[in-house]
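# Remarks on the overall topology
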Amino acid sequence: MKVNNKTLFVTVISIKLLAILLISCQYLDKGNIVENDSQTTENKSIINDEITERKIDSVLSLMTIDEKIGQLVQYSGKWDATGPSSSVSDQYKNDKLRKGEVGAMLNVSSVASVRETQRIVMENSRLKIPLLFGYDVIHGYKTIFPIPLGESASWDLDIMQQSAVISAKEASASGINWVFAPMIDVSRDARWGRIMEGSGEDTYLTTVIGVAKIKGLQGNDLSNSNTVAACAKHFAGYGFAESGRDYNTINIGEFELHNTILPPFKAAANAGVATFMNAFNDIDGIPSTGHKYLQRDLLKGEWNWPGFVVSDWGSIGELIAHGYASDLKQASEIALNAGSDMDMQSYAYEASLKELVKEDNVALSLVDDAVRRVLRVKFHLGLFDDPYKYCNEEREQNDIYNQAHLNVARDVAKKSIVLLKNNNQLLPLSKSVSSVAVIGPLANDKNTPLGNWRAKGEYNSAVSLLEGVKQAVSKNTKVYYEKGVALTIPTIKPGENQFSTPIEFNTTDTSGIRKAVEVAKKAEVVLLAIGEDAYQTGEGRSQVDIGFKGLQLELLEAIKKVNKNIVIVLMNGRPMDIRSASEMVPSILECWHLGSQSGNAIADVIFGDYNPSGKLPVSFPHHVGQEPLYYNQKNTGRPYGLKQVTYSAYRDAPRFALYPFGYGLSYTTFKYDNLTLNTSEIKVNGELEVSVNVTNVGDREGEEVVQLYIRDLVGSLVRPIRELKGFKKMMLKPGETKTVTFLINSETLQFYSVNKKWEVEPGDFDVWVGGSSKAELKERFSVINE
Ligand code: BGC
């Protein structure tokens, strides 16, 4: 229960910082304590602790309705728009800031800009409630790490947490206190441009990576000035956009939603993520932004999560275009009632919430709850103690883009590379190879490896493949370079807004191919860097054709005629259709968009300083027509059939992937044997141990990702043919054997059943352990009732 204590008014109308201190400290003893109904012991970073709740009570009791609504408003600074630009003037925004009617900004970065914007609020507004500053720090701030899909291929949770720690450190050194990451949308459609921002097609992998990211960004203590508030996005279903077209509708059943899409969000809530962002899409006719069940009933209700939900850019206003609200006022009503706490760039709440409250169409208690959630995050960040705590010029100088961070970026990048093919052990190359031809539109590209959503990554700042190769080889090695063909015209230049610059593909200029063939003829090995431009993936970058754009295949065909020793160095943001290219060459390295240290990391792998250990977090198809494609399909009633055609498959392409989920080669070979279960029968709440021996039978040290899959053979709902349920990444010396053990318990076996609850159903289960989703070693066990 909350009580307004009017005597508090007297003290609060004081000045500047004094007022802030009063808000954070002196109000402690006044006002009643809000019933702590959403406390959960699992949340480490953002919790309902008694002291903070009392401070919030006090602040709330002082606020006018305009000030309350103001806390629910977020504006973009004029610097970078990450969505359709608005017609609202800077003057309007400044006036609102002065009045204390803005809760957060986005796209305001640098200590000077943040300090200045915060100053406007602190020096002019009545209650001096500090602003949040949000930014899209998706894979690094200025030190750029691999795109999230690429980084996920490392299956290395520690290194992914470390890259998040550095991202938070750099962002916070620049004044930012809130980042719109991690993106934990499970996505199975290579056509969707934003597949680059997530962790791929698997729910379990996405879940554990999301938690590692949140830990890295938020640390153990949100009030530390090196850490930032994180944001689990996009809630929910955005990655399932029908036909891979961005922003498109999602048609998904209730059970699939719970089993496949929601688990990473539940885990994020449990890990104490400070904020959620909702999504642009509708799910079965209900836009996520107006989805009461998801936001209010499930997230804030059943899951007891105490943070706040920000809308996606303009998504409250977009309820009108969806045909779900007739005007902005109705959009506000729907969104607030459904649990969208903060309005990013729709200008909806400020225009209509006051009237809606007056008319009783939105309960004041719901507005108060939303404000409470926003203030809670601000208190936990420590902004009331020091609104300028992230504004430290010295840190801005020293903590951003330094050598230590670049070293980690190289480490993450090399661990993210996946060796897809390596016939006759063409790789690794000797550093004293007589000659190498580095060819291709991406061979000397210092920009593409930064990928989309590169925050403050500077144009042309990545180490190119050519630079990395030159650094790595011996003095006697001849390194030739030819671009061969251009990929796009024009590429996006610094200062250009990627959202308003269309990409065109160069399909006419063949003049460089001849020169490329000349150098290919002279070289012992060709490193061919082809794939996708940085802006072929990302928001609004869906494609129906996921093959090689422009004349890249023509270039490969021409080179192949004169030199068979070709290594494709693939740089891309999505799983591509690489089938025909794959047939033409002995070796392929999947190098994603690897970030600032791209060229060095690729050279580490090519010349054997690092033995590749990445595994695909997403299936690579034979053909785009297979999309959406994922390993954990259902069996269907007609899974196989050899003579007749009446089974579930394609007549002109295989049913499964060209390169499957979990797959990736090494320069050494791992052998799996002795798969053992310590019991063949457990009770529904019991547990069992699965162990397997993994031996490095090659002659190089190497890391292997040992993966555990299960299948629930008969269920109250049809279960997938395999599901990843655990993995361990480990280093093995040549000849070394390690016994790897996994624990299987009710958490591993449960699913959201026909009874609409998470439960383990008795019956038989298959279990596989191996180096990919095609693992062959299999055992069976049974689960029986208590
Ligand atoms: C994207 C979000 C992003 C937001 C703010 C939107 O267009 O969907 O992921 O965080 O813009 O830039």
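Below: a short report on this structure. Since the model is a prediction, treat every value here as computed from it, not as a measurement.

### Thoughts on the environment of Q425
As for its placement among the helices and strands, Q425 is situated in the loop between β11 (418–422) and β12 (435–439). Taking the C-alpha atoms as reference, Q425 lies 36 Å from I489; in sequence the two are 64 residues apart.

### Remarks on the environment of L132
Note on placement: L132 falls in strand β3 (residues 132–135). For L132 and A229, which are 97 residues apart along the polypeptide, the C-alpha to C-alpha distance reads 9.5 Å. If near-sequence neighbours (up to four positions away) are discounted, L132 is found in contact with G103, A104, M105, N177, W178, F308, V377, K378, L381 and L383.

### Describing the side chain of H258
Note that H258 resides in helix α10 (residues 254–261). Sequence-distant contacts of H258, that is, excluding residues within four places in its chain, are made with P263, Y293, L298, Y752 and W758.

### Quick notes on the pattern of salt bridges
Here the structure, examined in full by the defined rule, presents 42 salt bridges. Where D411 meets K415, a salt bridge forms, and the shortest distance between an N and an O atom there is 3.6 Å. Within this pair, D411 and its partner K415 are both found in helix α18 (residues 403–416), separated by 4 residues, close to a single helical turn. A residue is classified by how much of its surface remains accessible, and D411, at 23% relative accessible area, is partly exposed. Look at K415 and you get buried, because its relative accessible area is 14%.

### Points about helix α3 (residues 50–62)
Between the first and last C-alpha of α3 there are 19 Å, a value that for 13 residues agrees with the 18 Å anticipated at 1.5 Å per step. Those residues of α3 lying buried are T52, E53, R54, K55, I56, D57, S58, V59, L60, S61 and L62.

### Some remarks on unusual backbone geometry
Cis peptide bonds are those with omega within 30 degrees of zero, and the linkage from F235 to A236 qualifies with 0°. Tracing the backbone through its elements, the reader meets A236 in the loop between β5 (231–235) and α10. Cis geometry is adopted by the peptide bond preceding P428, which originates at L427 and carries an omega value of -5°. One non-glycine residue, K128, adopts positive backbone phi at about 55°. Take K128: it is sitting in the loop between α6 (111–124) and β3.

### A short note on helix α12 (residues 292–302)
Those residues of α12 not exposed but buried are L294, Q295, R296, L298, L299 and K300. N304 lies just past α12 and shows a positive phi near 55°.

### As for the sheet that holds strand β22 (residues 702–712)
Strand order in this open sheet of 5 strands is β20-β28-β27-β22-β23, and the pairing throughout is mixed. The two strands at the open ends of the sheet, each matched to only one other strand, are β20 (681–683) and β23 (723–732). Across the sheet, the mean angle from the axis of one strand to that of its neighbour is 25°, orientation sign disregarded. Direction of pairing for strand β27 (residues 763–770) relative to strand β28 (residues 777–784): antiparallel, over a ladder of 7 bridges. In the sheet register, V769 faces β28, and the bridge partner there is L777.

### Details of the packing of aromatic side chains
By the definition in use, this model includes 24 aromatic pairs. Where W178 meets F308, the ring centres are 5.3 Å apart and the plane angle is 70°; that geometry is what we call edge-to-face. In this pair, W178 sits in strand β4 (residues 178–179) while F308 sits in strand β9 (residues 308–310), placing the two residues 130 residues apart along the sequence. Judged on exposure class, the residue W178 and its partner F308 are both buried. Ring-pair connections join several aromatic residues into one group, and the members of that group are W155, Y204, Y631, F661, Y709 and F727. The residue whose ring lies beneath K774 is F656, and the NZ or CZ to ring-centre distance is 4.4 Å.

### Thoughts on the side chain of N696
Among the secondary structure elements, N696 is positioned in strand β21 (residues 688–696). For N696, a relative accessible area of 0% puts it in the buried group. Here T668 takes part through its side chain, which lies 2.5 Å from a polar atom of the side chain of N696. A polar side-chain atom of N696 sits 2.8 Å from the main-chain carbonyl oxygen of R700. If sequence neighbours within four positions are ignored, N696 has contacts with T668, T669, F670, E701, G702, L732, K733, P734, G735 and E736.

### Let's talk about the packing of α10 against helix α11 (residues 263–270)
Remark: α10 packs on α11, axes separated minimally by 5 Å, with the N-to-C direction vectors making an angle of 50°. When the axes of α10 and α11 are compared, the pair comes out oblique. Contact with α10, carried on its side by L257, H258, N259, T260 and I261, involves P263, P264 and F265 of α11 and no other residues of that element.

The rules we used
Residues numbered from 1 in each chain as written. Predicted model: local features only at pLDDT ≥ 70, side-chain atom pairs only at ≥ 80, totals over all residues. Heavy atoms only, no water. Helix = DSSP H or I, 4+ residues; strand = E, 2+ residues; numbered from the N terminus. Contact = heavy atoms within 4.5 Å. Salt bridge = Lys/Arg side-chain N within 4 Å of Asp/Glu carboxyl O. Buried < 20%, exposed > 50% of the residue type's maximum accessible area, 1.4 Å probe, protein only. Expected span 1.5 Å × (residues − 1). Pairing = 2+ DSSP bridges. Axes fitted to C-alpha atoms, helices over the stretch in contact; angles between N-to-C directions. Phe/Tyr/Trp six-rings, centres within 6.5 Å; stacked < 30°, edge-to-face > 60°. Lys NZ or Arg CZ within 6 Å of the ring centre and 35° of its normal. Polar contact = N/O pair within 3.5 Å; in protein donor to acceptor, adjacent residues only side chain to side chain. Parallel < 35°, antiparallel > 145°, perpendicular 65-115°, else oblique.

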